[in-house]
Structure formats: structure tokens, C-alpha cells
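Residue-level structural notes
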Amino acid sequence: MSELWRFSKDTQNTLNKTRLPSGGWINLWLNIGHYEVTQEAAERFGFSSAAVDILRDASQDPDFYEFTLPSAHAQSPDKVAFMPPGPERDEAIQNGIDAYKEWALNVCSKISQAMVDKDTRVALYWLGYVLHGFQDLGPHGGMPNPEHAALDSLKQSLDDDSSNVQLSRYYTQEFLRHIREVLGEGEFDLLRNWDGDGNLSKSEKEDLFGHGWDLSVEAVIDF
Ligand SMILES: [Zn+2]
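Conventions and cut-offs
Residues numbered from 1 in each chain as written. Predicted model: local features only at pLDDT ≥ 70, side-chain atom pairs only at ≥ 80, totals over all residues. Helix = DSSP H or I, 4+ residues; strand = E, 2+ residues; numbered from the N terminus. Buried ≥ 20, exposed ≤ 12 C-beta atoms within 10 Å, placed from the backbone. Contact = placed C-beta atoms within 7 Å. Core = buried A, V, L, I, M, F, W, Y, C linked by C-beta atoms within 7 Å. Axes fitted to C-alpha atoms, helices over the stretch in contact; angles between N-to-C directions. Parallel < 35°, antiparallel > 145°, perpendicular 65-115°, else oblique. Left-handed = near helix turned anticlockwise from the far one by under 90°. Nonpolar A, V, L, I, M, F, W, Y, C, P; charged D, E, K, R; others polar. pLDDT = per-residue confidence, 0-100. Expected span 1.5 Å × (residues − 1). Bend = angle between axes of the 7 residues up to and from the residue.

**Notes on the overall build of the chain**
- When helices and strands are counted, the chain shows 11 helices and zero strands.
- Listing the helices and strands of the chain from first to last along the sequence gives α-α-α-α-α-α-α-α-α-α-α.
- In the chain, buried positions account for 39% of the 223 residues.
- Considering only contacts within the chain whose residues lie at least 6 apart along the sequence, 76% involve residues at least 24 apart.

**Notes on the nonpolar core**
- Among the nonpolar cores identified, the biggest contains 32 residues, and Ala51, Leu55, Ala123, Leu124, Tyr125, Trp126 and Leu127 are the most heavily contacted of them.
- Contributions of two or more residues to this core are made by helix H3 (34–44), helix H4 (49–58), helix H6 (87–116), helix H7 (120–140) and helix H9 (162–192).

**A closer look at the packing of H4 against H7**
- Running from N to C, H4 and H7 cross one another at 40 degrees; their axes reach a closest spacing of 7 Å. Between H4 and H7, the crossing angle belongs to the class labelled oblique. In this structure, the crossing between H4 and H7 has a hand that is right-handed. Taking contact as the criterion, the partners of Ala51, Ile54, Leu55, Arg56, Asp57 and Ala58 in H4 are, on H7, Arg121, Leu124, Tyr125, Leu127, Gly128 and Tyr129.
- Taken together, the residues that form the contact of H4 with H7 break down as eight nonpolar, one polar and three charged.

**As for the environment of Leu167**
- Summarising the element assignment, Leu167 is placed in helix H9.
- The exposure class assigned to Leu167 is partly exposed, which follows from the 17 C-beta atoms found within 10 Å.
- Along the primary structure Leu167 and Gln135 are separated by 32 residues, whereas in three dimensions their C-alpha atoms are 7.8 Å apart.

**Concerning the confidence of the model for the chain**
- With 81% of its residues at a pLDDT of 70 or more, the chain has an overall mean of 82.
- Looking at the elements of the chain, mean pLDDT is at its lowest for helix H2 (residues 25–29), recorded as 42, and at its highest for H4, recorded as 97.
- Here residues 1–8 is modelled with pLDDT under 50, and outside its nearest four sequence neighbours on either side it reaches nine contacts, counting other chains as well.
- Note on residues 10–30: pLDDT under 50 across the span, and 44 contacts to partners over four residues away in sequence or across chains.

**Side note on H9**
- Taking 1.5 Å of rise per residue, 31 residues should cover 45 Å, yet H9 covers just 29 Å from first to last C-alpha, more than 12% shy of that figure.
- Taking the largest bend as the criterion, H9 deviates by roughly 115 degrees, centred on Gly184.
- If you check which residues of H9 are buried, you get Asn164, Val165, Ser168, Tyr171, Thr172, Leu176 and Leu191.

**Things to note about H3**
- Listing the buried residues of H3 in full gives His34, Tyr35, Val37, Thr38, Gln39, Ala41 and Ala42.
- Downstream of H3 by a residue or two, Gly46 has a phi angle that is positive, lying close to 80 degrees.

**Describing the environment of Gly128**
- In this structure, Gly128 sits in helix H7.
- Residues Gly128 and Ile54, spaced 74 residues apart in sequence, show a C-alpha to C-alpha distance of 7.2 Å.
- Apart from the residues within four sequence positions on either side, Gly128 is in contact with Thr38, Ile54, Leu55, Arg56, Asp57, Ala58 and Ser59.

Structure, rendered in C-alpha cells:
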């Protein structure tokens, strides 16, 4: 089912040639991707197979639902790449970091709201979703997309660097550890022992977001 979210080699090439925001992600995340990094960590933390199914699927979704939002991918806004060093650039970077934290906190509040609503499956979805942002921190670390794309074109893509993948694994586990502490064992076990349905359907996701895929992703896929 989740294999449907994978792109063919041809589509990868198409995506790599475009200059879309967050354009570099495609390299790493189709080889050792969010899917694999999430599955590995979630299994290590003892999540059930239905829970793992939701988490690993959701961890890919910011690339579909918030593709053009830099803060969902641990990136600074594009304009930062064109600013000379100085206080104005520093401020823009700080704003990017703040926006990233706000993005993560906002998704975390969706996790806790779903827990309050006793909607474990949706809580698992948002947990997987927020993991994406932490995983992107490994290769991106706040780098704006134009710089990322420049490195890509020099064949020095950050997303292909195995030590960055290692960092993504580390951030994923640290966050799961953190969320276990914040929720406490009881609530964490509710998530971990989920034995209902697996990953959410596209229409269930559209209900959660109130919209479909990011338009530019739709455009690329159609193209
Ligand atoms: Zn991303």
C-alpha cells in the first residue's frame, strides 16, 4: 500500500531537474528514506505492526502535504541563500529556526489533542508526521533550498551523505524517547500497542488537513 508513495526512477529524475523548494529531499528519501528510518526506530521502541504502518507512512507526508513549506523540512526560507552575511541574514535565519520549532510544536499539539480525543490512530499519524521534520534536520540543518540545490548539482548532495542519515536516525530515536517521557508509559503504551487499522487513506488525510497534496507536488506527478 505504502509502496504507492514511491516514485519511479524517471519521476525522481524529473524532480531532481526541477528547482522546487525542498528539491533535494528526493535523493536520500527514496533510497534510505523517512519510511525506513521511521520503521527501524519504531520497531526498536516496540510499536505494533499496525502502529509502525501508520508511522512510517505518515513520516513521508510532509513532502506531499507541505512540500513548499521550508519549516516542515528543517530549511530556512529561500531568500536566506541570497542575503549577504550580516544582522539581516542572521535575523532571517533565526526566524526560520523559530518557524521550524513552531511547526513541530503545532504538530505535537495535534498529537496530544488526538490523545485527549482517544483517537489513537490519528495520534500515531501526527507522531509519524512530525518525525519527518526531525529526520530532515539531519541532511538539511536549516540550509535554504537554493544552496541545497547548488550542492546537488555539484553531486555533493547532503541527502546522499550516510552520516546525515545516521543523524536522522539519532534524532528520530531521541524524539521517540522524549515523547515517551512527556506522555508517560501508560499513554505511550496506548500508541505502541495499537492493534486497529494501519495507515490512513488519502481521503482520511485530506479530512485531517482540509486540503489535498501540495499543488506543486500534484503538478510534478502529473507532469
Ligand atoms: Zn522533507
